[in-house]
Amino acid sequence: MKLVIGIVRPERANEVLEELYRANVRGVSMSRVQGHGGELDRVETYRGTTVRMGLAEKVRFEIAVSEEFVDTTVDALAEGARTGEVGDGKIFVLPLERTVRIRTGETGESAVTPIDGGVAR
Ligand SMILES: Nc1ncnc2c1ncn2[C@@H]1O[C@H](COP(=O)(O)OP(=O)(O)OP(=O)(O)O)[C@@H](O)[C@H]1O
Ligand SMILES: [Mg+2]
């Protein structure tokens, strides 16, 4: 199992979700983050102090997948997020040791695979 993290432009988040859905990737978490992608020329003021590393609003996707879904998930993130301009984002793939589906107690690969027909409450 792997944890795929994608940090993308907020305005591309819907396209990423669309691509993930098309690729049959279902379990996903999203959060708003602020990040810096190496552009050193921007000088900004943060809490009264001048900082050289300005932060940009980004959206962070976290997707836990079984091995067979890793490439599909990375491709979906990249395709949904790409504009071709500086700042399109980054994808990180991390080893994932353990997953537990709380409701059933299932662990491992069966816990990252959604159960068909389940309706979220
Ligand atoms: N090395 C990193 N570690 C953690 N987060 C990062 C890293 N690089 C980029 N990010 C996150 O990704 C966001 C987008 O980064 P960005 O797209 O600018 O990456 P980049 O490598 O500079 O690519 P580009 O050349 O297209 O700008 C950043 O705002 C930050 O949240
Ligand atoms: Mg950058």
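Here, every reference points to the structure presented above.
Scope of this entry: the structure provided in the associated data block. (Residues numbered from 1 in each chain as written. Chains lettered and ligands numbered in written order. Predicted model: local features only at pLDDT ≥ 70, side-chain atom pairs only at ≥ 80, totals over all residues. Heavy atoms only, no water.)

Brief notes about the sheet that holds strand 1 (residues 2–8)
Ordered by their spatial adjacency, four strands build an open sheet running 2-5-1-6, and the pairing between neighbours is antiparallel. Sheet topology places strand 2 (29–35) and strand 6 (89–95) at the edges, where each strand pairs with a single neighbour. Within this sheet the neighbouring strands show an average axis-to-axis angle of 20 degrees, counted without direction. Pairing between strand 2 and strand 5 (residues 56–65): seven bridges, direction antiparallel. Directly across from serine 29, in strand 5, lies its bridge partner glutamate 62. Contacting strand 1, strand 2 and strand 5, helix 1 (residues 13–22) crosses the sheet at an angle of about 15 degrees to strand 5. (Pairing = 2+ DSSP bridges. Helix = DSSP H or I, 4+ residues; strand = E, 2+ residues; numbered from the N terminus. Axes fitted to C-alpha atoms, helices over the stretch in contact; angles between N-to-C directions. Contact = heavy atoms within 4.5 Å.)

Thoughts on unusual backbone geometry
Unlike most non-glycine residues, asparagine 24 shows phi in positive territory, near 65 degrees. Structurally, asparagine 24 can be placed in the loop between helix 1 and strand 2.

So, the side chain of serine 66
Following the sequence through the fold, serine 66 ends up in the loop between strand 5 and helix 2 (70–81). The class for serine 66 is buried, based on a relative accessible area of 5%. (Buried < 20%, exposed > 50% of the residue type's maximum accessible area, 1.4 Å probe, protein only.)

On their own, these measurements won't tell you what the molecule is for.
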